[in-house]
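# A closer look at the structure
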Amino acid sequence: MSPSWFHPAYASICQGKSLSLDETVDVIKAAPHMQRQHEDLSGLLIRAPAVTFSLGTAVREKCEADFLAKLKPPQKHIYERALQACLRKYEHESGTMYVSFSAFCSAEVAQRYSQRALKQSR
């Protein structure tokens, strides 16, 4: 089952419902944690490449709230290198599709860190 934040966001972006991009980002930011299935995130981001940067950033920032402050400097450096790898992967490509891929990659990295942090806190 998809988490509660996903349904309004998915409806807005993927099904053309009434939420604006800003409202969708607000829904993501208001979620208690970013526990969700990978398929939910990929479905949302890949189907709407023109707005993915804003949504990917919102998802990444929401996930980072679960773990970033807890990382020690070496761990934070590894995390930042993973984010940079997402940017480098498509740096010589142009178009919204590659922006989407890069944003999805960054959000996916943050999601993995968030899931680990939430598992450890149980």
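Throughout what follows, the structure given in this document is the object of discussion.

Here is what the cut-offs are and how they apply
Residues numbered from 1 in each chain as written. Predicted model: local features only at pLDDT ≥ 70, side-chain atom pairs only at ≥ 80, totals over all residues. Heavy atoms only, no water. Phe/Tyr/Trp six-rings, centres within 6.5 Å; stacked < 30°, edge-to-face > 60°. Helix = DSSP H or I, 4+ residues; strand = E, 2+ residues; numbered from the N terminus. Buried < 20%, exposed > 50% of the residue type's maximum accessible area, 1.4 Å probe, protein only. Axes fitted to C-alpha atoms, helices over the stretch in contact; angles between N-to-C directions. Parallel < 35°, antiparallel > 145°, perpendicular 65-115°, else oblique. Left-handed = near helix turned anticlockwise from the far one by under 90°. Contact = heavy atoms within 4.5 Å. Nonpolar A, V, L, I, M, F, W, Y, C, P; charged D, E, K, R; others polar. Disulfide = S-S within 2.5 Å.

On to the packing of aromatic side chains. Evaluation of the coordinates by the stated rule reveals 6 aromatic pairs. Note on Phe67 and Tyr79: the rings are 5.1 Å apart at their centroids and 80° apart in plane angle, and the pair reads as edge-to-face. Remark: Tyr79 occurs in helix H5 (residues 73–89) and Phe67 occurs in the loop between helix H4 (52–64) and H5; sequence separation between them is 12 residues. You can call Tyr79 buried: its relative accessible area is 1%. When the ring of Tyr79 is compared with that of Tyr113, the centres are 4.8 Å apart and the planes differ by 65°; the resulting orientation is edge-to-face. Of this pair, Tyr79 sits in helix H5 while Tyr113 sits in helix H6 (residues 96–120), placing them 34 residues apart in sequence. The same class applies to Tyr79 and to Tyr113, which are both buried. Taken together, the ring pairs in this structure connect Phe67, Tyr79 and Tyr113 into an aromatic cluster.

This part takes up the packing of H5 against H6. Packed helices, taken two at a time, are described by the angle their axes make and the gap between the axes. Packing of H5 against H6 leaves a shortest axis separation of 8 Å and a crossing angle of 155°. On the basis of the axis angle, H5 is roughly antiparallel to H6. The interaxial crossing formed by H5 with H6 has right-handed handedness. Only Ser102, Cys105, Ser106, Val109, Ala110 and Tyr113 of H6 make contact with H5, whose side of the interface consists of Gln75, Ile78, Tyr79, Ala82, Leu83, Cys86 and Leu87. Here the contact of H5 with H6 is composed, by residue class, of 10 nonpolar, 3 polar and no charged.

With that settled, consider the state of the cysteines. Working definition of a disulfide: a covalent bond connecting the sulfur atoms of two cysteines. For the structure shown, the criterion picks out 1 disulfide. Here Cys86 is linked by a disulfide to Cys105, with a sulfur-sulfur distance of 2.0 Å. Its S-S torsion of approximately -65° makes the covalent link between Cys86 and Cys105 left-handed. One end of the pair, Cys86, is in helix H5; the other, Cys105, is in helix H6, with 19 residues separating them in the sequence. An identical accessibility class is assigned to Cys86 and Cys105; each is buried.

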